[in-house]
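Below are the chains, spelled out letter by letter.
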Amino acid sequence: IGESAFYYAQALKSVSLPKTINKIDKYAFYGCSSLEQIIIDENNPTLKSIDNILYDKEITKLLVCPATKTEVIIPNSVTKIGEGAFYHCTNLSEITIPNSVTYIELDAFTGCHSLTSVVIPNSVTRIGSYAFAGCRSLESVEIPSSVTKIEWGTFLLCKSLRSVKLPNSITEIGMSAFEDCHALSSIVIPQSVQKI
(Lines give C-alpha, C1' and ligand atoms only; values in the text may rest on other atoms or scores of the structure.)
Protein backbone atom coordinates (compact mmCIF):
# COMPACT_ATOMS: atom_id res chain seq x y z
CA ILE A 1 0.00 0.00 0.00
CA GLY A 2 1.72 3.14 -1.24
CA GLU A 3 2.47 6.46 0.41
CA SER A 4 -0.68 8.55 1.05
CA ALA A 5 -2.82 5.82 -0.59
CA PHE A 6 -5.97 6.72 1.35
CA TYR A 7 -5.16 10.45 1.58
CA TYR A 8 -8.04 12.27 3.30
CA ALA A 9 -10.53 9.43 2.87
CA GLN A 10 -12.56 11.02 5.66
CA ALA A 11 -15.50 8.60 5.44
CA LEU A 12 -13.27 5.53 5.84
CA LYS A 13 -14.07 3.78 9.13
CA SER A 14 -12.57 0.32 8.77
CA VAL A 15 -9.74 -1.31 6.83
CA SER A 16 -9.28 -5.07 6.49
CA LEU A 17 -5.96 -6.20 5.06
CA PRO A 18 -5.21 -9.70 3.69
CA LYS A 19 -2.19 -11.87 4.43
CA THR A 20 -0.59 -10.85 1.11
CA ILE A 21 0.03 -7.23 2.21
CA ASN A 22 3.62 -7.00 3.47
CA LYS A 23 4.28 -3.26 3.47
CA ILE A 24 2.38 -0.08 4.22
CA ASP A 25 4.17 3.11 3.26
CA LYS A 26 4.21 6.27 5.38
CA TYR A 27 1.10 8.41 5.64
CA ALA A 28 -1.00 5.73 3.92
CA PHE A 29 -3.97 6.74 6.09
CA TYR A 30 -3.21 10.47 6.29
CA GLY A 31 -6.31 12.51 7.08
CA CYS A 32 -8.59 9.48 7.60
CA SER A 33 -10.35 11.26 10.45
CA SER A 34 -13.09 8.60 10.88
CA LEU A 35 -10.81 5.55 10.88
CA GLU A 36 -11.60 3.26 13.81
CA GLN A 37 -10.40 -0.20 12.79
CA ILE A 38 -7.32 -1.67 11.13
CA ILE A 39 -7.79 -5.42 10.83
CA ILE A 40 -5.00 -7.73 9.63
CA ASP A 41 -5.40 -11.34 8.51
CA GLU A 42 -3.95 -13.46 11.35
CA ASN A 43 -1.80 -15.31 8.81
CA ASN A 44 -0.07 -12.15 7.61
CA PRO A 45 3.68 -12.82 7.97
CA THR A 46 4.83 -9.22 8.48
CA LEU A 47 2.02 -7.20 10.08
CA LYS A 48 -0.13 -7.48 13.19
CA SER A 49 -3.10 -5.55 14.56
CA ILE A 50 -3.67 -5.17 18.30
CA ASP A 51 -6.66 -3.17 19.52
CA ASN A 52 -6.98 -1.85 15.93
CA ILE A 53 -3.44 -0.40 15.99
CA LEU A 54 -1.02 -1.63 13.32
CA TYR A 55 2.40 -3.04 14.29
CA ASP A 56 5.08 -5.13 12.65
CA LYS A 57 4.66 -8.87 13.28
CA GLU A 58 7.13 -8.89 16.20
CA ILE A 59 5.36 -5.89 17.80
CA THR A 60 8.62 -3.94 17.94
CA LYS A 61 7.44 -1.01 15.81
CA LEU A 62 4.14 0.85 16.00
CA LEU A 63 3.18 1.72 12.42
CA VAL A 64 -0.32 3.25 12.31
CA CYS A 65 -2.83 4.35 14.93
CA PRO A 66 -6.43 5.07 13.83
CA ALA A 67 -7.29 8.76 14.06
CA THR A 68 -10.27 8.22 16.37
CA LYS A 69 -8.24 6.74 19.25
CA THR A 70 -8.36 8.79 22.46
CA GLU A 71 -6.06 6.74 24.72
CA VAL A 72 -3.19 4.43 23.80
CA ILE A 73 -0.93 2.27 25.95
CA ILE A 74 1.99 1.12 23.81
CA PRO A 75 3.08 -2.51 24.46
CA ASN A 76 6.38 -3.08 26.28
CA SER A 77 7.86 -4.87 23.27
CA VAL A 78 7.81 -1.75 21.07
CA THR A 79 11.20 -0.10 20.44
CA LYS A 80 10.19 2.37 17.71
CA ILE A 81 7.22 4.65 17.16
CA GLY A 82 7.13 4.85 13.38
CA GLU A 83 7.17 7.85 11.07
CA GLY A 84 3.75 9.54 11.20
CA ALA A 85 2.34 6.73 13.37
CA PHE A 86 -0.05 9.08 15.23
CA TYR A 87 -0.14 11.75 12.51
CA HIS A 88 -3.19 13.95 13.10
CA CYS A 89 -4.75 11.70 15.73
CA THR A 90 -6.61 14.80 16.86
CA ASN A 91 -8.61 12.97 19.56
CA LEU A 92 -5.60 11.42 21.28
CA SER A 93 -5.45 12.82 24.81
CA GLU A 94 -3.39 10.16 26.64
CA ILE A 95 -0.35 8.21 25.50
CA THR A 96 1.77 5.81 27.56
CA ILE A 97 5.25 5.26 26.12
CA PRO A 98 7.03 2.27 27.70
CA ASN A 99 10.70 2.06 28.69
CA SER A 100 11.33 -0.22 25.73
CA VAL A 101 11.00 2.63 23.20
CA THR A 102 14.33 4.03 21.96
CA TYR A 103 13.29 6.04 18.89
CA ILE A 104 10.34 8.34 18.23
CA GLU A 105 10.49 8.89 14.48
CA LEU A 106 9.74 11.87 12.23
CA ASP A 107 6.19 13.30 12.54
CA ALA A 108 5.26 10.59 15.05
CA PHE A 109 2.74 12.76 16.95
CA THR A 110 2.34 15.69 14.54
CA GLY A 111 -1.07 17.33 14.86
CA CYS A 112 -2.22 15.48 17.99
CA HIS A 113 -4.25 18.51 19.07
CA SER A 114 -5.73 16.96 22.24
CA LEU A 115 -2.46 15.76 23.74
CA THR A 116 -1.76 17.90 26.84
CA SER A 117 1.23 16.07 28.30
CA VAL A 118 3.66 13.34 27.39
CA VAL A 119 6.21 11.43 29.45
CA ILE A 120 9.25 10.50 27.38
CA PRO A 121 11.06 7.60 29.09
CA ASN A 122 14.83 7.48 29.66
CA SER A 123 15.10 4.67 27.13
CA VAL A 124 14.46 7.12 24.26
CA THR A 125 17.73 8.21 22.62
CA ARG A 126 16.35 9.95 19.55
CA ILE A 127 13.30 12.10 18.83
CA GLY A 128 12.78 12.78 15.13
CA SER A 129 12.10 16.09 13.42
CA TYR A 130 8.56 17.47 13.87
CA ALA A 131 7.77 14.60 16.25
CA PHE A 132 5.40 16.78 18.31
CA ALA A 133 4.81 19.62 15.84
CA GLY A 134 1.32 21.08 15.96
CA CYS A 135 0.44 19.52 19.32
CA ARG A 136 -1.30 22.76 20.20
CA SER A 137 -2.59 21.62 23.63
CA LEU A 138 0.77 20.27 24.84
CA GLU A 139 1.68 22.30 27.93
CA SER A 140 4.90 20.82 29.27
CA VAL A 141 7.56 18.36 28.29
CA GLU A 142 10.65 16.93 29.94
CA ILE A 143 13.37 15.61 27.68
CA PRO A 144 15.25 12.64 29.21
CA SER A 145 19.03 12.68 29.63
CA SER A 146 19.33 9.88 27.08
CA VAL A 147 18.58 12.39 24.27
CA THR A 148 21.48 14.44 22.86
CA LYS A 149 19.79 16.46 20.11
CA ILE A 150 16.53 18.38 19.64
CA GLU A 151 15.82 17.93 15.92
CA TRP A 152 14.38 20.45 13.46
CA GLY A 153 10.83 21.57 14.27
CA THR A 154 10.37 19.04 17.07
CA PHE A 155 7.91 21.29 18.95
CA LEU A 156 6.93 23.64 16.12
CA LEU A 157 3.49 25.26 16.66
CA CYS A 158 3.03 23.84 20.17
CA LYS A 159 1.10 26.96 21.09
CA SER A 160 0.27 25.94 24.68
CA LEU A 161 3.79 24.79 25.59
CA ARG A 162 4.75 26.72 28.74
CA SER A 163 7.90 25.06 29.99
CA VAL A 164 10.62 22.77 28.69
CA LYS A 165 13.29 20.92 30.67
CA LEU A 166 16.42 20.23 28.69
CA PRO A 167 18.98 17.84 30.22
CA ASN A 168 22.75 18.40 30.29
CA SER A 169 23.09 15.72 27.62
CA ILE A 170 21.75 18.05 24.89
CA THR A 171 24.49 19.24 22.54
CA GLU A 172 22.41 20.60 19.66
CA ILE A 173 19.05 22.34 19.16
CA GLY A 174 17.80 22.23 15.57
CA MET A 175 16.24 24.98 13.49
CA SER A 176 12.64 25.94 14.38
CA ALA A 177 12.64 23.45 17.27
CA PHE A 178 10.41 25.76 19.34
CA GLU A 179 9.09 28.07 16.62
CA ASP A 180 5.64 29.61 17.28
CA CYS A 181 5.53 28.30 20.86
CA HIS A 182 3.81 31.53 21.96
CA ALA A 183 3.12 30.44 25.55
CA LEU A 184 6.69 29.39 26.26
CA SER A 185 7.83 31.39 29.28
CA SER A 186 10.63 29.24 30.65
CA ILE A 187 13.43 27.30 29.03
CA VAL A 188 16.91 26.71 30.42
CA ILE A 189 19.55 25.90 27.83
CA PRO A 190 22.29 23.78 29.44
CA GLN A 191 25.98 24.51 29.00
CA SER A 192 26.35 21.25 27.10
CA VAL A 193 24.65 22.84 24.05
CA GLN A 194 27.27 23.50 21.36
CA LYS A 195 25.01 24.41 18.45
CA ILE A 196 21.66 26.17 18.04
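Residues numbered from 1 in each chain as written. Predicted model: local features only at pLDDT ≥ 70, side-chain atom pairs only at ≥ 80, totals over all residues. Heavy atoms only, no water.

Engineer: Please clarify how the overall build of the protein should be interpreted in this entry.
Structural biologist: Broken down by element type, the protein carries zero helices and 16 strands. The C-alpha radius of gyration of the protein comes to 17 Å, within 12% of the 16 Å expected for a compact globule of 196 residues. C-alpha extents for the protein along the principal axes are approximately 55 × 30 × 25 Å. Among the 196 residues that make up the protein, the fraction classed as buried is 46%. (Helix = DSSP H or I, 4+ residues; strand = E, 2+ residues; numbered from the N terminus. Rg over C-alpha atoms; globule rule 2.2 N^0.38 Å. Buried < 20%, exposed > 50% of the residue type's maximum accessible area, 1.4 Å probe, protein only.)

Engineer: Honestly, the layout of surface pockets in this entry has me stumped. Any pointers?
Structural biologist: In this structure, the largest pocket encloses a volume near 300 Å³. Lining the largest pocket we find 24 residues, and of these Tyr-27, Leu-63, Val-64, Glu-83 and Gly-84 sit closest to its centre. Residue composition of the lining of the largest pocket, grouped by class: 15 nonpolar, four polar and five charged. (1 Å grid on protein atoms, 1.4 Å probe; cavity = no way out; pocket = protein on both sides within 12 Å on 5 of 7 lines; lining within 4 Å. Points joined across faces, edges and corners; volume = space filled by probe spheres on them. Nonpolar A, V, L, I, M, F, W, Y, C, P; charged D, E, K, R; others polar.)

Engineer: Please explain the pattern of salt bridges as it appears in this structure.
Structural biologist: A pair can form between side chains of opposite charge whenever their charged atoms are brought close. Following the criterion strictly, the structure yields seven salt bridges and no others. Where Lys-26 meets Glu-83, a salt bridge forms, and the shortest distance between an N and an O atom there is 3.5 Å. With Lys-26 in the loop between strand E1 (14–17) and strand E2 (37–40) and Glu-83 in the loop between strand E7 (80–81) and strand E8 (94–96), the pair connects residues that are 57 residues apart, well separated along the chain. By relative accessible area, Glu-83 is classed as partly exposed at 23%. As a salt-bridge pair, Lys-149 and Glu-151 come within 3.6 Å of each other at their nearest N and O atoms. Looking at Lys-149, the relative accessible area reads 27%, which means it is partly exposed. Counted as one network, the salt bridges with shared partners bring together Arg-126, Lys-149, Glu-151 and Glu-172. (Salt bridge = Lys/Arg side-chain N within 4 Å of Asp/Glu carboxyl O.)

Keep in mind that these numbers describe shape and distance, not what the molecule does.
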